[in-house]
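Overview (structure and organization)
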Amino acid sequence: MWSTVRCVGKRIMERSIDGSTKYMRPLSTSSVHSSMEGPSNDLPSSSTPPFRESFELPSSFDFRVWFPMHMSVQLKAMEGKLRSVDLIIEVHDARIPISGRNPLLARQFSAARPHILVMNKMDLIDMNKYRRPIEEYYADNGDPKIVWTDCKRRLSKAIVDLRGCMIEALRSEPRFNRTVKTEYQVMVIGIPNVGKSSLINSLRSTNLGIKKSAVTEGARPGVTVRVQNRVRILDRPPIYILDTPGVLPPRHKSVDEAMKLALCDLVLESATEPRIVADYLLYWMNRTGDFSYTHLLGLPREPVDNIDVLLKKVCAIHELRVKRFIPGEGYQERWDMDKAVRMFIALFRGDKLRDHCLDKELLLPYL
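I will try to describe carefully the structure that is included in this document. Every chain begins its residue count from 1, and numbering advances along the sequence as written. Side-chain atom pairs in this predicted model are given and counted only at pLDDT of 80 or more, local residue features only at pLDDT of at least 70, and totals for whole chains, interfaces and linings cover all residues. Calculation of side-chain values draws on the structure's entire complement of heavy atoms; hydrogens and water are dropped beforehand.

In this section: helix α6 (residues 196-208). Across its 13 residues, α6 extends 18 Å between first and last C-alpha, which sits within 8% of the 18 Å expected from 1.5 Å per residue. Counting buried residues along α6, 11 of its 13 residues qualify, which places the element largely inside the surrounding structure. Every buried residue of α6 is accounted for by Lys196, Ser197, Ser198, Leu199, Ile200, Asn201, Ser202, Leu203, Arg204, Ser205 and Asn207. Whether two residues are in contact is decided by their heavy atoms, any of which lying within 4.5 Å being enough. Secondary structure is summarised from DSSP: a helix means a run of H or I of at least four residues, a strand means a run of E of at least two, and numbering begins at the N terminus for each. Where α6 is buried, its residues touch β3 (87-93), β4 (115-120), α5 (156-172), β6 (184-189), β7 (231-234) and β8 (239-242). Just past α6, the residue Gly209 takes up positive phi, approximately 70°. Working rule for helices: expected span equals 1.5 Å times residues minus one. The cut-offs for exposure are 20% and 50% of the maximum accessible area for each residue type, with area from a 1.4 Å probe on protein chains only; residues under the lower value are buried, those over the upper are exposed, and the others partly exposed.

Here is the structure:
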């Protein structure tokens, strides 16, 4: 059942936050478009200026606010629970199947106990296109079989598949000083807002028929802020599960990895700037050859690479205005740029785009 290790394929060039680079294959916008999207009628004209080759953040942007104090404290609490844990379930967001994974969790927890990787939110990507490449990528990197779920809709087949993987892993691996125990204990880990609590409630509902939620779910990151009491999810064999807070890496390897987390709403909005998130979405869509935002927003078909220009066009087309108090002038009408930002980001978070897999460049060798 568990996949064997094979040679890792080609890689793609990525710019890091500290200015260094990783040896990865560079891609032009046209090559990305032709290899990923196929024919399209929203291509830019020959007069369109070249798009940005990389995404730049303001020098004042501070990633440290993305790692609140409770994450560090609870990470130590999670480590303290490892002695009583028989299995680790790592939950991941399918929209960022590679770059969104916290390497710290993989090293400290997944390597210490039997491990199952759950790719949640499978409904938000094209499974026909990406399932095999993602599984091949993880097989190349020696990771176990991936279980695909959509815990928001609590699909019973996916939960039954996960239950089978859990029982097989628990019964085939050593108990780590817990041979006298008759029940099993599982820990669920992952970054914020990937669906850990939803997964626990889905397992409990499917296996025990209990509809009432055992742990609190939320549509925003940071709902679970401490290691929770264990929850019974199966009677035969008796299995208990621990919900844990989402933990982000204290440092991000690259700007792209960090901004993908923000775009997927996996970071507290108070720690990000929505305009910068919108700018990254514009950069990513242009880079990957997806210019569908023009007709989705009702704009002229010519794509743009400047977020302020785009937002002003959105305001003008949709008559987005707001009255603001200007000292010495009183209340004046201005473009409602904040609303335009929310409208643009909603194209991605509302599943309106043609493709929502933000790691499709990293998966090119497997497509």
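With that settled, the discussion passes to the packing of aromatic side chains. Pairing of aromatic side chains requires ring centres within 6.5 Å, counting the rings of Phe and Tyr and the six-membered ring of Trp. Pairs whose planes differ by under 30 degrees are stacked, by over 60 edge-to-face, and all others tilted. Under the defined criterion, the tally for this structure stands at 8 aromatic pairs. Ring geometry for Phe55 and Tyr283: centres 5.7 Å apart, planes at 45°, overall tilted. In this pair, Phe55 is assigned in the loop between α1 (29-36) and α2 (69-81) and Tyr283 in helix α8 (residues 274-287), connecting sequence segments 228 residues apart. Of the residues examined, Tyr283 reaches a relative accessible area of 4% and is grouped as buried. An aromatic cluster of three or more residues is present, and its members are Phe55, Tyr280 and Tyr283. When the NZ atom of lysine or the CZ atom of arginine is within 6 Å of a ring's centre and also within 35 degrees of its normal, the charge is said to sit over that ring. Between the NZ or CZ atom of Arg230 and the centre of the ring of Tyr240, over which it lies, the distance is 3.8 Å.

Attention shifts here to the nonpolar core. For our purposes a nonpolar core is just a set of buried Ala, Val, Leu, Ile, Met, Phe, Trp, Tyr and Cys residues, chained together by side-chain atoms within 4.5 Å. By size, the foremost hydrophobic cluster in this structure holds 73 residues, and its most contacted members are Ile89, Met166, Leu310 and Phe344. It is α8 that provides the largest number of residues to this core, a total of 9 residues. Residues within four places of Leu310 in sequence aside, it is in contact with Leu282, Tyr293, Leu297, Leu299, Val304 and Phe344. Judged by nonpolar contacts, the second largest core, of 17 residues, contains Ile98, Met119, Trp148 and Leu362.

Another point: the side chain of Ser254. Within the element layout of this structure, Ser254 appears in the loop between β8 and α7 (255-263). When its relative accessible area of 0% is taken as the criterion, Ser254 is described as buried. Looking at Ser254, its side chain comes within polar contact range of the main-chain nitrogen of Glu257, at 3.1 Å. Identification of polar contacts relies on pairs of N or O atoms within 3.5 Å, with a donor-acceptor requirement for protein atoms, meaning one able to donate a hydrogen and the other able to accept it, and with residues adjacent in sequence counted only if both atoms are side-chain atoms.

Here we come to the environment of Leu299. Position of Leu299 relative to the elements: it lies in the loop between α9 (293-296) and α10 (307-318). Looking at Leu299, the relative accessible area reads 10%, which means it is buried. Through-space distance from the C-alpha of Leu299 to that of Ala316 is 9.6 Å; in sequence the pair is 17 residues apart.

The residue Ala316 is located in helix α10 in this model. Given the relative accessible area of 37%, Ala316 is considered partly exposed. Sequence separation of Ala316 and Ala340 is 24 residues, and the distance between their C-alpha atoms is 9.9 Å.

As a further point, take helix α11 (residues 337-349). Given a rise of 1.5 Å per residue, 13 residues ought to cover 18 Å, and the 18 Å separating the end C-alpha atoms of α11 matches this to within 8%. Within α11, the full set of buried residues consists of Ala340, Val341, Phe344, Ile345, Leu347 and Phe348. Buried residues of α11, viewed axially, fall in a sector of 135°; they line one side. Considering only its buried residues, α11 is in contact with α7, α8, α9 and α10. Phi for Asp351, located one or two positions after α11, is positive at around 60°. As used here, the arc is the angular range of directions from the helix axis to the C-beta atoms.

A word on unusual backbone geometry. Cis geometry marks the peptide bond from Arg236 to Pro237; its omega dihedral reads -5°. Position of Pro237 among the secondary structure elements: in the loop between β7 and β8. Positive phi values are uncommon outside glycine, yet Glu319 reaches one of about 55°. For Glu319, the location among the structural elements is in the loop between α10 and β9 (321-326). We note that Asp351 has phi near 60°; this positive angle belongs to a residue other than glycine. Inspection of the secondary structure puts Asp351 in the segment after α11.

The strands making up a sheet are joined through hydrogen bonds of the backbone, oriented either antiparallel or parallel. Spatially, the 6 strands line up as an open sheet ordered β5-β4-β3-β6-β8-β7, and their pairing is mixed. Taken across any chain shown, the strands that pair with only one partner, and hence form the sheet edges, are β5 (146-148) and β7. Here the strands of the sheet are splayed against their neighbours by 30° on average, with no regard to which way each runs. A pair of strands is considered paired only if DSSP assigns at least 2 bridges between the two. For helices, the fitted line uses only the C-alpha atoms of the stretch in contact; every axis is such a line through C-alpha atoms, and the angle between N-to-C directions lies from 0 to 180 degrees.

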